[in-house]
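Spelled out from the first residue to the last, the chains are:
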Amino acid sequence: MREETIKEIIKFRDDRDWKQFHNPKDLAISLSLEAAELLEVFQWSAEDVKCTEKMDKIKEELADVVNYCVLMADACDLDLDEIVLEKIKRNNEKYPVKLAKGRKDKYDELKK
């Protein structure tokens with residue numbers, strides 16, 4: 001995510017003096033609720049796993065999830081690039097390409 005976008009999210013919060021309400025617990029709850037709203041878009045969609053006719057709602061809810069991720073990182077004084085790259089590194093170790101490519105198995109089920 002561009003630094004400019006992160007700054008806009010923080011500015012939106014700060015312009016409203018909402019940082020005082022943004023502790024990690026409440027942000028985690030809000031993040032979970034927004035993720036559930038994203039999931040709700042797909043509820044009862046049967047074979048339409050992409051829900052292309054609901055793309056506007058998907059974009060709206062996904063943006064809410066991302067916004068709360070940025071705010072949570074800010075509240076915990078975490079660098080998003082750093083933590084995401086570290087997670088990718090760990091996932092690369094758990095899911096080596098030669099074992100995981102084209103497979104959906106969990107890392108502990110991959111044959112070595």
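Above this text sits the structure in question.
Residues numbered from 1 in each chain as written. Predicted model: local features only at pLDDT ≥ 70, side-chain atom pairs only at ≥ 80, totals over all residues. Heavy atoms only, no water.

**Brief notes about the packing of aromatic side chains**
Here is step 1 of the chain: Under the criterion given, the structure shown has two aromatic pairs.
Here is step 2 of the chain: Taken together, a centroid distance of 5.7 Å and an interplanar angle of 75° make the contact between F12 and W18 edge-to-face.
Here is step 3 of the chain: Overall, the relative accessible area of 44% leaves F12 in the partly exposed class.
Here is step 4 of the chain: Its relative accessible area of 35% is what places W18 among the partly exposed residues.
Here is step 5 of the chain: Taking 6.0 Å as the distance between ring centres and 85° as the angle between the ring planes, the aromatic pair formed by Y95 and Y107 counts as edge-to-face. Taken as a pair, Y95 in the loop between helix 4 (80-94) and helix 5 (97-100) and Y107 in the segment after helix 5 lie far apart in primary sequence, twelve residues in all.
Here is step 6 of the chain: Residue classification places Y95 among the partly exposed residues on the basis of a relative accessible area of 29%.
Here is step 7 of the chain: Taking relative accessible area as the criterion, Y107 reaches 34% and is therefore assigned partly exposed.
Here is step 8 of the chain: Over the ring of F12 we find R16, and its NZ or CZ is 3.6 Å from the ring centre.
Here is step 9 of the chain: Above the ring of W18, the side-chain terminus of R16 is found at 6.0 Å from the ring centroid. (Phe/Tyr/Trp six-rings, centres within 6.5 Å; stacked < 30°, edge-to-face > 60°. Buried < 20%, exposed > 50% of the residue type's maximum accessible area, 1.4 Å probe, protein only. Helix = DSSP H or I, 4+ residues; strand = E, 2+ residues; numbered from the N terminus. Lys NZ or Arg CZ within 6 Å of the ring centre and 35° of its normal.)

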